[in-house]
Amino acid sequence: MTTTPEIGAPGFTEPRLPLLLLGAGTDPDSERGVDCPGELPPASDPELVERARAAKAALGEQVFVLGHHYQRDEVIQFADVTGDSFKLAQQAAARPQAPYVVFCGVHFMAESADILTADHQQVVLPDLAAGCSMADMATFDQVEECWEVLEDMGVADDVVPVTYMNSSADIKAFVGRHGGVVCTSSNARRALDWAYSKGSKVLFLPDQHLGRNTAVLEMGFALEDCVVYNPHRPDGGLTPQQFRDARMLLWRGHCSVHGRFTKQSVDDMREQVPDVNILVHPECRHEVVVEADYIGSTEYIIRTLAEAPAGSSWAVGTELNLVRRLANRHPDKNIMFLDRTVCFCSTMNRIDLPHLVWSLEALARGEVVNRIRVDEETAHYARVALDQMLALP
Ligand code: 13P
Ligand code: SF4
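Where an unreviewed UniProt entry is consulted, the protein chain appears under the name Quinolinate synthase, with the organism given as Thermomonospora cellulosilytica. What UniProt records for the protein chain under Pathway (unreviewed entry) is the sentence "Cofactor biosynthesis; NAD(+) biosynthesis; quinolinate from iminoaspartate: step 1/1." Heading Catalytic activity (unreviewed entry) of the UniProt record for the protein chain holds this comment: "iminosuccinate + dihydroxyacetone phosphate = quinolinate + phosphate + 2 H2O + H(+)".

Now the structure itself:
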């Protein structure tokens, strides 16, 4: 009979908890961190808003709170700056006098903030389990192995790696070491133009949809110019000829939130609301994006709806916290969610008011919790790729 060793005893291996439902434990396959070590205030505490306000006021200029557009309303109300991942990367260093940067977003964004802020600034992620399932789809070892395959195939010298912001600091550093660039959904076209001025092929990590949609819809590539590298198959599941012919090598990753929208969602919406405008994020599948009227990052979506005429109808294919906020902000416009099923980003949603209160109150006591820290060498090379992005024309 085999027995399972006691927790902490020799031979004990921590169970894999892919969803970290309670925010505790570790997930060795994830770019995100581990458990929340503190006592969280209960979500039912009626004083939470007041407590967050008081802790933030006590910290004053010492804290800078950044909030991604997909955050809950209860959290976003405390952000000093809100934005998409590009704007937040630009803004991370905007308050060098603040020793604490509280990042209300997901793990890879907080890592980028740590890389881009000064050494004396400490970045805090209120819940370490706020990761990104897409970022988890490309691990450092897999990407190194992919590069070896490209070398074996004799094409590595032609390839410029480009990674979406939604990737771990390790992957950004890999890209920095290999002469590549980071991009976001706001500047993917500019990043790819830059990359193709340096090499004839691009390895695009980790979101196949953003890569394909940008190459085909904005740069005039044919679908056949793009191939998908599957890290779970030998040689990525591609033949030597495919490696030679492809202009765009897309990593097999996707966003599980944006991946839910389908062509059927668009058809159903058009049938129900004939004058509807379909507005989607480029992380949606190609079959959805080709049917849409407008495509762009979260900042673009916000701007488009702000500028839309009163009375116009919009079905929006992106995360639900943002769509709901925009519908409330523009009651004169008919703003709907593109899919029938409720579709929050579960990891973005992990940052809730109890976690924010817990981290702000700890900072107000001088205790830094859930610090996100990227080691110096990784930060150096990741900064090379991030600075290249920030310098794009
Ligand atoms: P943005 O680049 O539009 O902020 O999107 C980030 C993200 O995680 C979308 O899923
Ligand atoms: Fe990641 Fe998708 Fe959530 Fe964005 S919406 S953080 S890509 S899982």
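Now, onward.
A.B. asks: Account for the overall build of the protein chain, with residues named and values stated.
C.D. replies: Each helix and strand in the protein chain was counted, giving 15 helices and 14 strands. The C-alpha radius of gyration of the protein chain comes to 21 Å, within 12% of the 21 Å expected for a compact globule of 393 residues. Projecting the C-alpha coordinates of the protein chain onto the three principal axes gives extents of approximately 65 × 60 × 55 Å. Split into buried and exposed, the 393 residues of the protein chain put 57% on the buried side.

A.B. asks: Could you give an account of the sheet that holds strand β12 (residues 313-317), naming the residues involved and the relevant values?
C.D. replies: Reading across from one edge, β11-β10-β12-β13 is the order of the four strands in this open sheet, with parallel pairing throughout. Each having just a single partner strand, β11 (294-295) and β13 (334-337) make up the two edges of the open sheet. Where strand β10 (residues 277-280) lies against β11, two bridges are found, and the strand directions are parallel. In the sheet register, Leu 279 faces β11, and the bridge partner there is Tyr 294. Helix α13 (residues 320-329) contacts β12 and β13 of the sheet and is inclined by roughly 165° relative to β13.

A.B. asks: Hey, could you go over the packing of aromatic side chains for me, with residue numbers and the actual values?
C.D. replies: Ring pairs (aromatic) are described by centroid distance and by the angle formed between their planes. Per the counting criterion, the structure on display carries six aromatic pairs. Look at Phe 261 and Phe 337: their rings are 5.6 Å apart centre to centre, the planes differ by 65°, and that puts the pair in the edge-to-face class. Taken together, the positions of Phe 261 in the loop between β9 (248-251) and α10 (263-272) and Phe 337 in strand β13 put the pair 76 residues apart, joining distant regions of the chain. Judged on exposure class, the residue Phe 261 and its partner Phe 337 are both buried. Grouped by ring-pair contacts, the aromatic residues Phe 140, Trp 147 and Phe 174 constitute a single cluster. Positioned over the ring face of Phe 221 is Arg 247, at 4.0 Å from the centre of the ring.

A.B. asks: If you had to explain helix α14 (residues 353-364) to someone new, which residues and values would you point to?
C.D. replies: Between the first and last C-alpha of α14 there are 16 Å, a value that for 12 residues agrees with the 16 Å anticipated at 1.5 Å per step. Most of α14 sits out of view: 10 of its 12 residues are buried. Taken as a whole, α14 has its buried residues at Leu 353, Pro 354, His 355, Leu 356, Val 357, Trp 358, Ser 359, Leu 360, Ala 362 and Leu 363. Lining the buried residues of α14 we find α1 (48-59), β1 (63-68), α2 (73-76), β3 (100-104) and β4 (122-124).

A.B. asks: Residue-level account of the site of ligand 1, with values.
C.D. replies: In the neighbourhood of ligand 1, the contacting residues comprise His 68, Tyr 70, Asp 84, Ser 85, Tyr 164, Asn 166, Ser 185, His 258, His 281, Glu 283, Ser 297 and Thr 298. Contact distances for ligand 1 include 2.7 Å between an oxygen atom and a side-chain N or O atom of His 68. Taking His 281, its side chain carries an N or O atom lying 2.9 Å from an oxygen atom of ligand 1. Look at ligand 1: alone it shows 300 Å² of surface, and the protein chains cover 96% of it. Residues that form the shell around ligand 1 fall into these classes: two nonpolar, eight polar and two charged.

A.B. asks: Give me a nonpolar patch on the surface: which residues, what numbers.
C.D. replies: Together, Leu 217, Val 290 and Ile 295 give the surface a local cluster of nonpolar side chains, amounting to about 220 Å² of exposed area. Turning to its location among the elements, Ile 295 is positioned in strand β11. In this structure Ile 295 comes out as partly exposed when scored by relative accessible area, which is 34%.

A.B. asks: Tell me about the site of ligand 2, and name the residues and values.
C.D. replies: Close to ligand 2 lie Tyr 70, Cys 132, Ser 133, Met 134, Asn 166, Cys 255, Val 257, Glu 283, Cys 345 and Met 348. Among the residues forming the shell around ligand 2, the class breakdown is seven nonpolar, two polar and one charged.

A.B. asks: Can you explain the sheet that holds strand β8 (residues 226-229)? Please cite residues and give values.
C.D. replies: The strand order across the open sheet formed by five strands is β6-β5-β7-β9-β8, and the pairing between neighbours is parallel. Single-partner strands in this sheet number two, and they are β6 (181-183) and β8. Geometrically, the sheet is characterised by an average inter-axis angle of 25° between neighbouring strands, direction not taken into account. By the bridge criterion, three bridges tie strand β7 (residues 201-205) to β9 in an arrangement that is parallel. In the sheet register, Phe 204 faces β9, and the bridge partner there is Leu 250.

A.B. asks: Which residues make up the packing of helix α12 (residues 298-307) against α13, and what values do they have?
C.D. replies: The angle between the axes and the distance between the axes are what describe a pair of packed helices. At a minimum axis distance of 11 Å, the contact between α12 and α13 shows a crossing angle of 20°. With respect to α13, the element α12 is oriented roughly parallel. In the crossing of α12 with α13, the sense of the turn from one axis to the other is right-handed. Note on element contacts: α13 touches α12 through Leu 322, Leu 326 and Arg 329, opposite Thr 298, Ile 301, Ile 302 and Leu 305. Classifying every residue of the contact of α12 with α13 by side-chain character gives five nonpolar, one polar and one charged.

Parameters and conventions
- Residues numbered from 1 in each chain as written.
- Chains lettered and ligands numbered in written order.
- Predicted model: local features only at pLDDT ≥ 70, side-chain atom pairs only at ≥ 80, totals over all residues.
- Heavy atoms only, no water.
- UniProt positions renumbered as here; feature names shortened; annotations may be inferred.
- Helix = DSSP H or I, 4+ residues; strand = E, 2+ residues; numbered from the N terminus.
- Rg over C-alpha atoms; globule rule 2.2 N^0.38 Å.
- Buried < 20%, exposed > 50% of the residue type's maximum accessible area, 1.4 Å probe, protein only.
- Pairing = 2+ DSSP bridges.
- Contact = heavy atoms within 4.5 Å.
- Axes fitted to C-alpha atoms, helices over the stretch in contact; angles between N-to-C directions.
- Phe/Tyr/Trp six-rings, centres within 6.5 Å; stacked < 30°, edge-to-face > 60°.
- Lys NZ or Arg CZ within 6 Å of the ring centre and 35° of its normal.
- Expected span 1.5 Å × (residues − 1).
- Near = heavy atom within 4 Å.
- Polar contact = N/O pair within 3.5 Å; in protein donor to acceptor, adjacent residues only side chain to side chain.
- Areas by Shrake-Rupley, 256 points an atom, 1.4 Å probe, with all protein chains shown as cover.
- Nonpolar A, V, L, I, M, F, W, Y, C, P; charged D, E, K, R; others polar.
- Patch = residues over 30% accessible without salt bridge, like charges linked within 9 Å, V, L, I, M, F, W, Y side chains within 5 Å.
- Salt bridge = Lys/Arg side-chain N within 4 Å of Asp/Glu carboxyl O.
- Parallel < 35°, antiparallel > 145°, perpendicular 65-115°, else oblique.
- Left-handed = near helix turned anticlockwise from the far one by under 90°.

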